[in-house]
Amino acid sequence: MALRPILCFPDPKLHKVARPVQQVDERIRSLVADMLETMYAAKGIGLAATQIDVHERVIVIDVSEERNAPLVLINPVLSWTSAERHVNEEGCLSVPGIYDNVERFDAVQVTALDQDGQSRTISADGMLAVCIQHEMDHLLGKVFVEYLSPLKRNRIKTKMLKQQREERD
Ligand code: NI
């Protein structure tokens, strides 16, 4: 297992569209292990492969308090979404320190492969439903700040670039 560097907004690589995983093999299991390690080390509740510059449809999530309930979603597809939508405050490991409101479906059903290549369907609501939708957006090259107004997004972009310059110096 290894920690992988996380891409930060506005890195253009965050906008690449991930391709489906052809086969859940040792290479993918090793990627999943690295993603879990990276997510836990960064104290995140979810991570998409896109965020570590791997453009394949793989997501890891853990919304448990105890940080011991990893969920692996490979080639996820939403098979149902609730009529109800709600605004929730979101953050992202690729946009550190920024939290803002995004509207999402209250509940979703997602069908995906696990790290053994088994297909399963998960019903999610609350924070898990939000997290699944946020991470699936990453696989489409979409970062949550893109839901905000252009003014807010530009402010965030400027702030992030400034932070990244300061870290380099
Ligand atoms: Ni994110």
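Scroll up to find the structure.
First, a word on scope: everything that follows refers to the structure included in this document. This one's a predicted model, so the numbers in the text were calculated from it and none came from an experiment. (Residues numbered from 1 in each chain as written. Predicted model: local features only at pLDDT ≥ 70, side-chain atom pairs only at ≥ 80, totals over all residues. Heavy atoms only, no water.)

Now for a nonpolar patch on the surface. Taken together, the side chains of I45, V63 and M127 define a hydrophobic patch exposed on the protein surface, amounting to about 240 Å² of accessible area. Here I45 lies in the loop between α1 (26-41) and β1 (46-48). For I45, a relative accessible area of 35% translates into the label partly exposed. (Patch = residues over 30% accessible without salt bridge, like charges linked within 9 Å, V, L, I, M, F, W, Y side chains within 5 Å. Areas by Shrake-Rupley, 256 points an atom, 1.4 Å probe, with all protein chains shown as cover. Salt bridge = Lys/Arg side-chain N within 4 Å of Asp/Glu carboxyl O. Helix = DSSP H or I, 4+ residues; strand = E, 2+ residues; numbered from the N terminus. Buried < 20%, exposed > 50% of the residue type's maximum accessible area, 1.4 Å probe, protein only.)

Moving on: the nonpolar core. Counting residues in each nonpolar core, the largest one holds 17 residues, and the members touching the most others are I59, I61, L73 and I132. Looking at this core, the elements that each hand over two or more residues are β2 (58-61), β3 (71-81), β6 (107-113), β7 (119-125) and α2 (126-139). It is α2 that contributes the most residues to this core, six residues altogether. I61 has contacts with M39, I45, G46, A69, P70, L71, L73, L128, C131, I132 and E135, leaving out every residue within four places of it along the chain. Counting residues in each nonpolar core, the second largest holds 16 residues, with V21, I28, L36 and I52 among its members. (Core = buried A, V, L, I, M, F, W, Y, C linked by side-chain atoms within 4.5 Å. Contact = heavy atoms within 4.5 Å.)

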